[in-house]
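Architecture and fold: a report
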Amino acid sequence: MEPKLKIVMISSEVAPFAKTGGLADVVGALPQVLQRMGHEVIVVMPRYGSIDGQRYGLRRYFDTMGVWMGNTQEWCAVDVANNDGVPVYFIENNKYFERAGLYHDENYNDYADNPQRFGFLTRAGLQLCQDLGFAPDIVHAHDWQTALAAAYLKIWHWNDPLLGRAASVLTIHNIAYQGKYGASNFDYLGLQWSNFTPDKFEDYGAINFLKGGIVYADAVNTVSPTYANETRTPALGYGLAPYLNDRGDDYVGILNGVDYTQWNPAVDKLIPAHYTVDDLTGKRICKAELQRRFLLDVNPSVPIIGVVSRLVAQKGLDLLAATIERIVNNMAVQFVILGSGDKGLESFYASLPARYPGRIGSFIGYNNQLAHWIEAGADFFIMPSIYEPCGLNQIYSLKYGTLPIVRATGGLDDTVQQYVERTGDGTGFKFWDPTPDAIYYTVGWAVSTYYDRPQHIAKMMRTAMQQDYSWEKSAAQYEELYARALRNKAPA
Ligand code: ADP
Ligand code: GLC
């Protein structure tokens, strides 16, 4: 049977191979779902030095592939691996990708050659389609790193027998990261100086990758309906609101799904015990194990609040830092924190266990198993984000019966239903003000509910665990977006 659509996704992160955040989870799961719906999907990503080729069964596919850039030719090799039935192609170029970090060195300094690295990745993704003889209907780009794919299709490949028909879709996972770089990179990127104008790539003298993608893509989306609305306003559009508004109905919000083969307490291979909505015995085991692992007092009746996060301004963890000590001094509650990022926040959260022994545990670093342990063992999960395009951890939390405490922004607002004290309805606790006080009082509300209205907590856990954010629904919306992109691409 002919596939319905041929789709190539180009991304800088794909789980499980390389991940810094939710982008990897999305591109690690959506292609498989689309494939099950009858489409043919391939994925292209860099072969970072950190990827263990043996572990994932990578094998050499092309020894050499030449890639034209604007003013030079580059070479790479191509490896391939199977990600649950979807081929993932790895662009291997030592100059650009043979280093530990994805975007920055160990001190969080962005690599200076990021515009070349990801411009090259994007060009290589399109070249690979040609070398494979894979004629895509849809080229799906993710974030600034590969946003230029949309532009290359229209500037370079408009008349190309293989790529000329392809429509482009750009998914924005976080509009604050736009890929702004010096104009001196423009020759290498090869986007033609006639396009270096404010309505396309030019942004106060710099090149803006994401802006170019928004202008050139045949359809654009972000990862929740509320964030789609928020980014249309100056406050959260980070300068790009006018360009999104120009796209009218071609810019939509599609909520991320969850890969419930990885994130479900009934089957999760990484947690100490399994559990389901009808039998929570395993969750009590997970809680005790979490308390032991983090050297907390092992006490089933004290609620644990979990954090798993990049430690960056977006996530509001500086606000939590300003009130967490007041919380543990005034409430009978424990915290478990897992995260890495900002050095100041890292050292603050690293210092807490010694000052609040038995009550606060923290691990600074990236650790997938601990992330699963916290989802399973905590009672609450806090995300005080300043903005949140979608957020995956609160959706995972729902499935684990770990009630989210969130700021009502973006995808957090779309996925968490406010607790109703009269009835016990809802799935979590929401607040609006981005302030330490709002966090303090909302945590207080959750903790007092835990102690005073346990029947409500039980009811909310039930409701939360029954929420279904599996990918099928979102993937159907991506199908509609692809159809829109194809209509926009077709000559009138
Ligand atoms: P973002 O993409 O903005 O970081 P999301 O909530 O969409 O936020 O996704 C974060 C993903 O990264 C989740 O899968 C989460 O478990 C994971 N994650 C974040 N920080 C860590 C960490 N320190 N260790 C392990 N996993 C982490
Ligand atoms: C970004 C956003 C996050 C979203 C993820 C996946 O990293 O910060 O909210 O869930 O992308 O789309």
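Structure's up top.
A short tour of the structure in this document, coming up. (Residues numbered from 1 in each chain as written. Chains lettered and ligands numbered in written order. Predicted model: local features only at pLDDT ≥ 70, side-chain atom pairs only at ≥ 80, totals over all residues. Heavy atoms only, no water.)

1. Looking at the overall build of the protein
- Each helix and strand in the protein was counted, giving 20 helices and 18 strands.
- The C-alpha radius of gyration of the protein comes to 23 Å, within 12% of the 23 Å expected for a compact globule of 492 residues.
- For the protein, the C-alpha atoms occupy an extent of roughly 70 × 45 × 40 Å along the three principal directions.
- Expressed as a percentage of the 492 residues in the protein, the buried residues total 61%.
- In the protein, 71% of the contacts between residues at least 6 apart in sequence involve partners at least 24 apart.
- Between the centroid of the 42 positive side chains of the protein and the centroid of its 52 negative side chains there is a distance of 3 Å. (Helix = DSSP H or I, 4+ residues; strand = E, 2+ residues; numbered from the N terminus. Rg over C-alpha atoms; globule rule 2.2 N^0.38 Å. Buried < 20%, exposed > 50% of the residue type's maximum accessible area, 1.4 Å probe, protein only. Contact = heavy atoms within 4.5 Å. Lys, Arg positive; Asp, Glu negative; His and termini not counted. Charge placed at Lys NZ, Arg CZ, Asp CG, Glu CD.)

2. Overview of the site of ligand 2
- By nearness alone, 14 residues border ligand 2, and His173, Asn256, Glu388, Cys390 and Gly391 come closest of all.
- The contact in question runs from an oxygen atom of ligand 2 to an N or O atom on the side chain of His173, over 2.6 Å.
- A distance of 2.8 Å separates an oxygen atom of ligand 2 from a polar atom in the backbone of Gly391.
- Burial of ligand 2 by the protein amounts to 93% of the accessible area it has alone, namely 310 Å².
- Residue composition of the shell around ligand 2, grouped by class: 6 nonpolar, 6 polar and 2 charged.
- No fewer than three residues from each of domain 1 (6-257 + 471-489) and domain 2 (281-465) sit in the shell around ligand 2. (Near = heavy atom within 4 Å. Polar contact = N/O pair within 3.5 Å; in protein donor to acceptor, adjacent residues only side chain to side chain. Areas by Shrake-Rupley, 256 points an atom, 1.4 Å probe, with all protein chains shown as cover. Nonpolar A, V, L, I, M, F, W, Y, C, P; charged D, E, K, R; others polar. Domains from an automatic or database assignment.)

3. Some thoughts on the site of ligand 1
- In the vicinity of ligand 1 there are 22 residues, among which Lys19, Gly22, Asp25, Arg310 and Lys315 approach most closely.
- At a separation of 2.7 Å, an oxygen atom of ligand 1 approaches a polar side-chain atom of Lys315.
- Separating an oxygen atom of ligand 1 from a backbone N or O atom of Leu392 is a distance of 2.8 Å.
- The fraction of the free accessible surface of ligand 1 (560 Å²) that becomes covered by protein chains is 94%.

4. Some points on the sheet that holds strand S3 (residues 59-68)
- If you walk across this open sheet you meet the 9 strands as S3-S4-S5-S2-S1-S6-S7-S11-S12, and the pairing is mixed. Because the sheet does not close on itself, it has two edges, and the strands there are S3 and strand S12 (251-253). Adjacent strand axes in the sheet meet at a mean angle of 25° when their direction is disregarded.
- In this sheet, strand S5 (residues 86-92) lies alongside strand S2 (residues 40-46) in parallel orientation, the contact comprising 4 bridges. Residue pairing in the sheet places Pro46 in a bridge with Ile91 of S5.
- Where helix H4 (residues 114-132) meets the sheet, its contacts fall on strand S1 (6-10), S2, S3, strand S4 (73-83), S5 and strand S6 (138-142), and the angle it forms with S3 comes to roughly 110°. (Pairing = 2+ DSSP bridges. Axes fitted to C-alpha atoms, helices over the stretch in contact; angles between N-to-C directions.)

5. Structural notes on the sheet that holds strand S9 (residues 202-203)
- If you walk across this open sheet you meet the 3 strands as S8-S10-S9, and the pairing is antiparallel. At either end of the open sheet lies a strand with only one pairing partner, and these are strand S8 (180-181) and S9.
- As defined by bridge partners, S9 adjoins strand S10 (residues 206-208) across 2 bridges and the pair is classed as antiparallel. Its bridge partner being in S10, Glu202 is matched across the sheet by Ile207.
- Across the sheet, helix H7 (residues 209-216) touches S8, S9 and S10, and the angle it forms with S10 is around 50°.

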